[in-house]
Structure formats: structure tokens, C-alpha cells
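Coordinate inspection notes
Given next are the chains, with one letter for each unit.
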Amino acid sequence: MTDQTSPADALQDLRRSIDNIDAALVAILAERFRCTKAVGALKARYGMPPADPERESRQIARLRTLAEEAHLDPDFAEKFLNFIIHEVIRHHEAIARQSSDSANT
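Since the structure is predicted, the reported quantities are computational estimates derived from the model, not experimental observations.

1. Brief notes about the overall build of the chain
Across its full length, the chain holds three helices and zero strands. Starting at the N terminus and walking to the C terminus, you meet the elements of the chain as α-α-α. Here the C-alpha atoms of the chain give a radius of gyration of 20 Å, more than 25% beyond the 13 Å that 2.2 N^0.38 yields for 105 residues. Split into buried and exposed, the 105 residues of the chain put 18% on the buried side. Counting every atom, the chain has about 8200 Å² of accessible surface; 58% of that belongs to carbon and sulfur. Here the chain contributes 14 positively and 17 negatively charged side chains, and the mean placements of these two sets differ by 8 Å.

The following block contains the structure:
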């Protein structure tokens, strides 16, 4: 905030930045889920399990390190990634069921 910027204007500027970041986060998450959907289809095609606990553990450790380097609470980052992982596994299970249903018909 400069001496010439009112608190209300500064607040509006910050909120516009937050809105832009939120839009970018949604776009990035959508792209991530497009990729994980392809992973789920590949796993279903080859009978691979929907979850990969070793990969998930490595990703959590990696994200925690990235969070620390970015001065973001690593516990928050882990909770966020765990939420995403849970959704991805749920999607992979659904893809596997659909694939199985298609193969049985």
C-alpha cells in the first residue's frame, strides 16, 4: 500500500489477486485430475490397484519438503494432498468398476 492508496483500494487489489490465484488453482486442479483420470484408465486396463501407497508416501514427503521451502505449513500441505489423493483413488476405483462392468457385458 502506498501513501496514496486507501485501505479500501488496497483491500480490493489484494482480493483481486486472491481471486486470480483461486482461478489458477482450479485450472491446475482440473489439469491434475485430467492426468489422474488417464492414470486410472491405464491402471484399470492392466488390472493394477487403484491406490499406490508407496507412491503416495513419496508424494507426501516431496510435497512437505516443497511446502517447507515455500514457507508454507507442511502439515497443511499434507492434509491438502491427502484430500486430493483420496479423491483420485475414489475416481480410480470408479474407473475400475466401469471397466469391469464393460468387460462383463
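Let's pick the thread back up.
2. A look at the environment of Ile60
Examined against the element boundaries, Ile60 turns out to sit in helix H2 (residues 53–69). For Ile60 and Arg16, which are 44 residues apart along the polypeptide, the C-alpha to C-alpha distance reads 31 Å.

3. Looking at the environment of Asn82
Checked against the element boundaries, Asn82 lands in helix H3 (residues 74–103). Asn82 gets classed as partly exposed once you look at its relative accessible area, which sits at 34%. Note: C-alpha distance between Asn82 and Tyr46 (36 residues apart in sequence) is 25 Å.

4. Topic: helix H1 (residues 7–45)
Given a rise of 1.5 Å per residue, 39 residues ought to cover 57 Å, and the 57 Å separating the end C-alpha atoms of H1 matches this to within 8%. Along H1, the residues that are buried comprise Ala10, Thr36, Gly40, Lys43 and Ala44. Those residues of H1 hidden inside the fold are in contact with H3. Looking one or two residues beyond H1, the residue adopting positive phi is Gly47, at roughly 65 degrees.

5. Details of the packing of H2 against H3
The description of two packed helices rests on the angle between their axes and on the distance between the axes. Running from N to C, H2 and H3 cross one another at 145 degrees; their axes reach a closest spacing of 9 Å. Where H2 crosses over H3, the handedness of that crossing is right-handed. Contacts between H2 and H3 involve Glu56, Gln59, Ile60, Leu63, Arg64, Ala67 and Glu68 on the former and, on the latter, Pro74, Asp75, Ala77, Glu78, Leu81, Asn82, Ile85 and Ile89. For the contact of H2 with H3, a count of residues per class yields eight nonpolar, two polar and five charged.

6. Things to note about unusual backbone geometry
Most peptide bonds adopt trans geometry, and most residues besides glycine take a negative phi value. Backbone geometry at His71 places phi at a positive 60 degrees, although glycine is not the residue there. Looking at the element boundaries, His71 is found in the loop between H2 and H3. Look at His71 and you get exposed, because its relative accessible area is 76%.

Reading the values: the criteria
- Residues numbered from 1 in each chain as written.
- Predicted model: local features only at pLDDT ≥ 70, side-chain atom pairs only at ≥ 80, totals over all residues.
- Heavy atoms only, no water.
- Helix = DSSP H or I, 4+ residues; strand = E, 2+ residues; numbered from the N terminus.
- Rg over C-alpha atoms; globule rule 2.2 N^0.38 Å.
- Buried < 20%, exposed > 50% of the residue type's maximum accessible area, 1.4 Å probe, protein only.
- Areas by Shrake-Rupley, 256 points an atom, 1.4 Å probe, with all protein chains shown as cover.
- Lys, Arg positive; Asp, Glu negative; His and termini not counted.
- Charge placed at Lys NZ, Arg CZ, Asp CG, Glu CD.
- Expected span 1.5 Å × (residues − 1).
- Contact = heavy atoms within 4.5 Å.
- Axes fitted to C-alpha atoms, helices over the stretch in contact; angles between N-to-C directions.
- Left-handed = near helix turned anticlockwise from the far one by under 90°.
- Nonpolar A, V, L, I, M, F, W, Y, C, P; charged D, E, K, R; others polar.

Any link to function would need more than the numbers given here.
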